Amino acid sequence: PEVVDAKSDDVFLVRRIVVETGEPAVAVLDIDDGELRRHIEFTAPAATSLDLPLLGLRPGVSQAVHLTLVGESGAQADFDFEVAADLAGLLLPDVELRAGDPADAEPGYTMFATWAVDLANYVMVVDLQGRPVWVWRTPPDPKAAFPQPDGTVSAVVASSVSRRTFDGEVVA
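From a predicted model like this one, the values you see are computed outputs, not experimental measurements.

**Q** Give me the lowdown on the sheet that holds strand β10 (residues 132-138), citing residues and values where you can.
**A** If you trace the four strands from one edge of the open sheet to the other, you get β2-β10-β9-β8, paired in antiparallel fashion. One side of each edge strand has no neighbouring strand; the edge strands of this open sheet are β2 (11-12) and β8 (110-114). When β8 meets strand β9 (residues 121-126), the two strands line up antiparallel, connected through five bridges. Counted as the bridge partner of Thr 110 is Val 126 from β9.

**Q** I'd like to hear about the sheet that holds strand β11 (residues 142-147), residue by residue, with values.
**A** The strand order across the open sheet built from three strands is β11-β12-β13, with neighbouring strands paired in antiparallel fashion. A single partner strand is all that each edge strand has here, and the edge strands are β11 and β13 (160-165). When the angles between neighbouring strand axes are averaged without regard to direction, this sheet yields 20°. With five bridges connecting them, β11 and strand β12 (residues 152-157) associate as antiparallel partners. Paired with Ala 145 across the bridge in β12 is Ala 155.

**Q** Can you tell me about the packing of aromatic side chains, naming the residues and giving the values?
**A** In the structure shown here, the tally under the stated rule is two aromatic pairs. When the centroid spacing of 4.8 Å and the interplanar angle of 65° are considered together, the rings of Trp 134 and Phe 166 count as edge-to-face. Remark: Phe 166 occurs in the segment after β13 and Trp 134 occurs in strand β10; sequence separation between them is 32 residues. In this pair, the class of Trp 134 matches that of Phe 166, namely buried. Taken together, Trp 134, Trp 136 and Phe 166 form an aromatic cluster joined through their ring pairs.

Criteria and cut-off values
Residues numbered from 1 in each chain as written. Predicted model: local features only at pLDDT ≥ 70, side-chain atom pairs only at ≥ 80, totals over all residues. Heavy atoms only, no water. Pairing = 2+ DSSP bridges. Helix = DSSP H or I, 4+ residues; strand = E, 2+ residues; numbered from the N terminus. Axes fitted to C-alpha atoms, helices over the stretch in contact; angles between N-to-C directions. Phe/Tyr/Trp six-rings, centres within 6.5 Å; stacked < 30°, edge-to-face > 60°. Buried < 20%, exposed > 50% of the residue type's maximum accessible area, 1.4 Å probe, protein only.

No statement about biological role is implied by the geometric values presented.
Below you can see the structure in the form of structure tokens.
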């Protein structure tokens, strides 16, 4: 397995694990940043070529990642990685969440579009403490952003709609 960058230079706090297997396999990830441990079971059909997005990475924090591959024969392989992501010097707004009940947030993140005159414009996802966990640098004037049921995100930018996967691939 290899840890690689996002598919776009405009998406931050995303890494990917790319792996080739000898037989079709499914993947399970455990990500531990020292504060939060997440268990992710990918629901895609078994395949010999897997491209697994690592989302929700906190900037400047080394995260322990455990990958388990389970082949159709039942054979299992385990791999451990240390993964880090940063914001590459981006100037982002400070975010303070003032309302809402954490029990109502699923899975505990808030997505919104932000813009400012003479500054870069972003679609951001923050955790319940207001820390960025995903950032997409958009063209000027983002109006709104929406996660889609197919796992992509749509943003209304100026007068058009742009769609991407969370790892940066342009969909439409």
